[in-house]
Number of protein chains: 2
Amino acid sequence: MGQALGKVQAKPVSLKQVHITDHFWNYYIDLVRDVVVPYQWDAINDRIEGAERSGAVSNFKIAAGLEKGDFYGFVFQDTDVAKWLEAVAYLLVTKRDDALEQLADEMIDIIGKAQQPSGYLNTYFTIKEPGKKWTNLTECHELYSAGHMIEAGVAYYNATGKRNLLDIVCRIADDIAVVFGDGPGQIAGYDGHQEVELALVKLYEAMGNRKYLDISSYFIDKRGQQPSFFEAEADARGRSTHWNNNKIHIDPEYFQTHRPVREQEAAVGHAVRVVYMLAGMADVAKETGDESLIEACRRLWDNIASKQMYITGGIGSMAHGEAFSFDYDLPNDTVYSETCASIGLIFFAHRMLQLEPNSRYADVMERALYNTVLAGMSRDGRHFFYVNPLEVTPDVCEGRNKNFNHVKPVRQEWFGCACCPPNIARLLASLGGYMYSTNGNTIYSHLYIGGEVELSLDGTKVKLKQHSSLPWEGTARFEISLAKPAAFTLALRIPGWASEASVVVNGEAYALTDKVVDGYARIERVWTSGDQLELVLAMPILRVRSHPLVKQNAGKVALQRGPLVYCLEEADNGAQLQQLLLPQDAKLEDAYEESLIGGIHVIKAEGSRLQFEQWGTQLYRTDTEAAMEPASLAFIPYYAWANRGKGEMTVWVKERF
Amino acid sequence: MGQALGKVQAKPVSLKQVHITDHFWNYYIDLVRDVVVPYQWDAINDRIEGAERSGAVSNFKIAAGLEKGDFYGFVFQDTDVAKWLEAVAYLLVTKRDDALEQLADEMIDIIGKAQQPSGYLNTYFTIKEPGKKWTNLTECHELYSAGHMIEAGVAYYNATGKRNLLDIVCRIADDIAVVFGDGPGQIAGYDGHQEVELALVKLYEAMGNRKYLDISSYFIDKRGQQPSFFEAEADARGRSTHWNNNKIHIDPEYFQTHRPVREQEAAVGHAVRVVYMLAGMADVAKETGDESLIEACRRLWDNIASKQMYITGGIGSMAHGEAFSFDYDLPNDTVYSETCASIGLIFFAHRMLQLEPNSRYADVMERALYNTVLAGMSRDGRHFFYVNPLEVTPDVCEGRNKNFNHVKPVRQEWFGCACCPPNIARLLASLGGYMYSTNGNTIYSHLYIGGEVELSLDGTKVKLKQHSSLPWEGTARFEISLAKPAAFTLALRIPGWASEASVVVNGEAYALTDKVVDGYARIERVWTSGDQLELVLAMPILRVRSHPLVKQNAGKVALQRGPLVYCLEEADNGAQLQQLLLPQDAKLEDAYEESLIGGIHVIKAEGSRLQFEQWGTQLYRTDTEAAMEPASLAFIPYYAWANRGKGEMTVWVKERF
């Protein structure tokens, strides 16, 4: 459907084509299937004792006229149901589950009954303020909620072939296309929280109805134009705010409406909004070939990835506005780094890879996935981080709680604003969709995750079976199955962390000289069924330093091995982590510990601990120097932290020069 | 008047007895006289263009029936007038100024007319909510405001001998003694912001009326008793809060009402409240000899000075509640360290010195005075810090403003809540009162500030003329004038920063062996008029380290010379101060720079700057090590920072080991 851009452009290989059989990832995907999604269903049905009330399902029943009661929750409470349905859809793709599908169908029935004749679907406004719909786009998340339902509808259709939810969401989108636009009686505006843009492109791709792409483009093009739509909208309703009796004050940067999107130079404001917007922009650009939009995507990508991203792939340096702050400002302790923002960054990276396959996008995608996203969930699948700090001192979180009340030293059970757990669920359940893409007769392999994929290249069916030893070792083996020999290129990402890479095809070394283009090793040959390819990525322990302008990390180092960023935890290293130093010449050793946190590789080093002999009770002393005593340091993967109770943690460690 | 405690107890030498002629300090005292107090008068009269409205004087005129209008400002707006009068009183002690005195008398006339027949004096409740007086002690600062007016009344009486304001404040205190107590119809409670306790002891000392001491004791004894008075008071008025329509939530720790004061183990809650309370407790203890109260003062002193005090003498680690956080938690950037809190700490130290002369109190008094208090005001006397950070990055203050909106990288013109500037004014104007105390026939010299003092020891009149080269050099010379030879002891504080101390009397060395008691060198002899004593305190540049549990300063060092703490400023060292290191063996050189910020000593050192060659645009790199390049470091006294425009500053610098 998409127009050719006259340049390299890849298509994603969909979840449906991939079957993951990876030791590392299947644990998490099974957790989503067996624990997270059932738990989430109970949560949105208010069946979990002691948890915060959700109201999400009940809101739909009330709006459908099936129950009496009041709306409960946030204005965007509907999205918890939508995200649950989307996760269910992805699970159904990879494994049939009639009971689960029936549950989903029943939920969809209720949703259908809650939809208004116009197509409008939003339980908050239906139940609570029917006269006020579309009057406060700035604050009320109507298009955001619509976007999530549209994503669910497309996913459910792709998974099951059923149109029940698809028809509902087409009506939502049709309604949006009537309500919004520059015509008479239309609202010449856009959403307060971006999301519907990318959803409408998904719907366009599913349905082929150009109208959905056009309205998505419209929202993107309108955003940030002056005079401000949000200001006009506020004036029209007497400048009321939805939350209290105050008058509204709109911070355009928070909403990315300070400038037209094509003129934005840096990522500013609410981090999730930024990356959802950029994912939508990349989607539209891919379909329209709009070079100015691609250029804006690249510019903002560069700003994020080279100036505003934590080493863990986290984004958002401040709690206030859950937002970006400014270039090179990456506080490790008061950090926001919302799980959802890293998921949004993955969405954006995944789309950029379709616009222009380049390992810089996949490297970030992998970084966010293996570190922040995985850290967002506990090993039991029942506890979640919304905020992902890189440095935690429980005393500080609890004792200086105004600056730190967003930072939890242990994962929480659920959230009143439950955006992150279902977002993790839908991402992990659809992980297969992020692994490959194709372009002409090239297969791009972005992530090394074991499993099978079936795809077509110019009519040739190719089946790849991947065995991966990641993230612990750097070997990925591919077996090719074909009906008959065929010429195509296997483009294998050489990750930034791989100090060396080598390829062996059918037992013979394949020289990579001049074969690595944009970070992908291009293995171009006539393949025969049964061919074997082995990629070996050297995975040394890396000492990572930050750009000199990152104040918080000056004089500090972090360790990384393969895609995994490491950290020091109190459980292994004692308290007072600030006293530890890693000498520049310390030998770093990697050791597998089978019984630790599900089996992890630990990095061990002989470090130093700042010590003062007999300091005494004085707060300040002038008659003593810090002495160094040897300290055995043990680093664990960041994703695995906070699985052994409450304690200190730090990713960045002082270097001893 | 005070009862003997059966132990060493010193009496302060009052401001009236001291005439400061010190090069260093007279600059600031003259600034208070010539700039701050006149400016403050214009400010409280709303005559400063562009400044926030004060309303303070006008409120009194309205309450006095002399003007029509509404109350304006905080519930404690009256204290701006009280503190101005108190500062004026101190200025009048040291220099007659008929015009200023007349201005004060006119103001006092108005205040008298604003007083109610009962003695009650508070313009907020008189004008705005007459029916609600004494119904919300928790929030409404009535006793706090009364306390400040009482302090002003006593100071004005001591300065001028006039009873005009004294009579007014006696009526205030008489009214308080009627309203509060355990008797029928009385309020069995206490203040929401401590201050009146110390004020009532001043009034007791001026008037000799035991009732004033008793009611001060009453407030102290009642505080923290259970059931909670604040809770009962809230219940009695339907739990309303004064600020909005919400119900009140009382945090007992914020108000130091979590336990009876004698049982409090650590300083918690609002820092100014804590130290004002402790000053009042020490005052009462001094008068009553209550050992349990002294013990509580010592315990909380120890907690503050050895676990919760910045190297600058600042207290209060968090903006939320302007409060202490917890032991060893001393963030340098999000710090509060309110100027008023350090002033309160000086009040407390000054009282402890009367209970038990010990240099640990005077050392802290000096530390707070020369560093935080002086830093609170600019060299032009027109700009002030409320919050005194030890590490500032303007980008961070402005770009991450929710956590940093209390931290200003440059001094501000005035404050809506203008507690700090007038507090600096009254402290500096009364500085002479903090220098000496006597006990029997011992004269204690706590601060080395040039000037003359006249005092009596058991009937012997002694005149001391002090020449001090502090804070730049460590010599203090004393000339003694006496009518006839007399035996007494001159007890000279040997500051903690002095690595060596020597005394020469009339040209001959005086051995200090066994003469230093509780940090004071006791020079005991028969003195004759014309005797000369020279104290030489070695003033090396000190490298200061923090207790190992202070996370924020681990691996860092600060420099101090004499009483002055030093800092690095961007103006001298370039930006990116986080990249600088001070080698443990770096030679530190002291150089006087006459033309810099009024003439200061600068400490110079050959340090290192973390550098990466050709870092490029990447945010993270694994293929490079930090290299050290030489960097000339220049440290200036902390008090002098932010007098050369906006820039980075840090007190604590990385050490290179």
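Anything mentioned here points back to the structure above.
Residues numbered from 1 in each chain as written. Chains lettered and ligands numbered in written order. Predicted model: local features only at pLDDT ≥ 70, side-chain atom pairs only at ≥ 80, totals over all residues. Heavy atoms only, no water.

**Here's the deal with the nonpolar core**
Core analysis: the largest hydrophobic core is formed by 237 residues, its most contacted members being W25 and I523 of chain B. At 12 residues, helix α12 (residues 271–288) of chain B tops the list of elements feeding residues into this core. Of all hydrophobic cores here, the second largest spans 236 residues; its members include V32, L137, A199 and L390 of chain A. (Core = buried A, V, L, I, M, F, W, Y, C linked by side-chain atoms within 4.5 Å. Buried < 20%, exposed > 50% of the residue type's maximum accessible area, 1.4 Å probe, protein only. Helix = DSSP H or I, 4+ residues; strand = E, 2+ residues; numbered from the N terminus.)

**Here's the deal with the packing of helix α3 (residues 78–94) of chain B against helix α4 (residues 98–114) of chain B**
All names here are of chain B. Where α3 meets α4, the axes come as close as 10 Å, and the angle between the chain directions of the two elements is 145 degrees. As α3 runs across α4, the sense of the crossing is left-handed. Where α3 approaches α4, its residues V81, W84, L85, V88 and L92 are matched on the opposing element by L100, E101, L103, A104, M107, I108 and I111. The class makeup of the residues in the contact of α3 with α4 is 11 nonpolar, no polar and one charged. (Axes fitted to C-alpha atoms, helices over the stretch in contact; angles between N-to-C directions. Left-handed = near helix turned anticlockwise from the far one by under 90°. Contact = heavy atoms within 4.5 Å. Nonpolar A, V, L, I, M, F, W, Y, C, P; charged D, E, K, R; others polar.)

**Let's talk about the pattern of salt bridges**
Residues and elements named next belong to chain A. Taken as a whole and assessed by the stated rule, the structure comprises 90 salt bridges over all chains. The closest approach of N and O atoms between R239 and D235, which form a salt bridge, is 2.7 Å. Salt-bridge contacts for K286 lead to D283; the nearest nitrogen and oxygen are separated by 3.9 Å. With K286 and D283 both in helix α12 (residues 271–288) and three residues apart, this pair spans about one turn of that helix. For K286, a relative accessible area of 8% translates into the label buried. For D283, a relative accessible area of 3% puts it in the buried group. One continuous salt-bridge network, built from bridges that share partners, spans E291, E295, R298, D302, E356 and R360. (Salt bridge = Lys/Arg side-chain N within 4 Å of Asp/Glu carboxyl O.)

**Thoughts on the sheet that holds strand β16 (residues 532–537) of chain B**
Residue and element names in this part refer to chain B. Spatially, seven strands are ordered β2-β8-β9-β10-β16-β12-β13 in an open sheet, and the strand pairing comes out antiparallel. Both edges of this open sheet fall to β2 (18–20) and β13 (508–510), since each of them pairs with a single strand only. Adjacent strand axes in the sheet meet at a mean angle of 25 degrees, parallel and antiparallel pairs treated alike. Pairing geometry for strand β9 (residues 460–468) and strand β10 (residues 475–482), over seven bridges, is antiparallel. Note that in β10 the partner of Q466 across the bridge is F478. (Pairing = 2+ DSSP bridges.)

**Digging into the pairing of strand β15 (residues 520–527) of chain B**
Across a regular strand the side chains alternate sides, sitting on one face of the sheet and then on the other. All names here are of chain B. In terms of strand pairing, strand β11 (residues 486–493) meets β15 through eight bridges, oriented antiparallel. Bridged to F488 within β15 is R525. One ladder, built from two bridges, connects strand β14 (residues 516–517) with β15; its direction is antiparallel. Looking across to β15, one finds that V517 is bridged to Y520. What sits between the antiparallel neighbours β14 and β15 is a turn of two residues, in which D518 has the positive phi angle 50 degrees.

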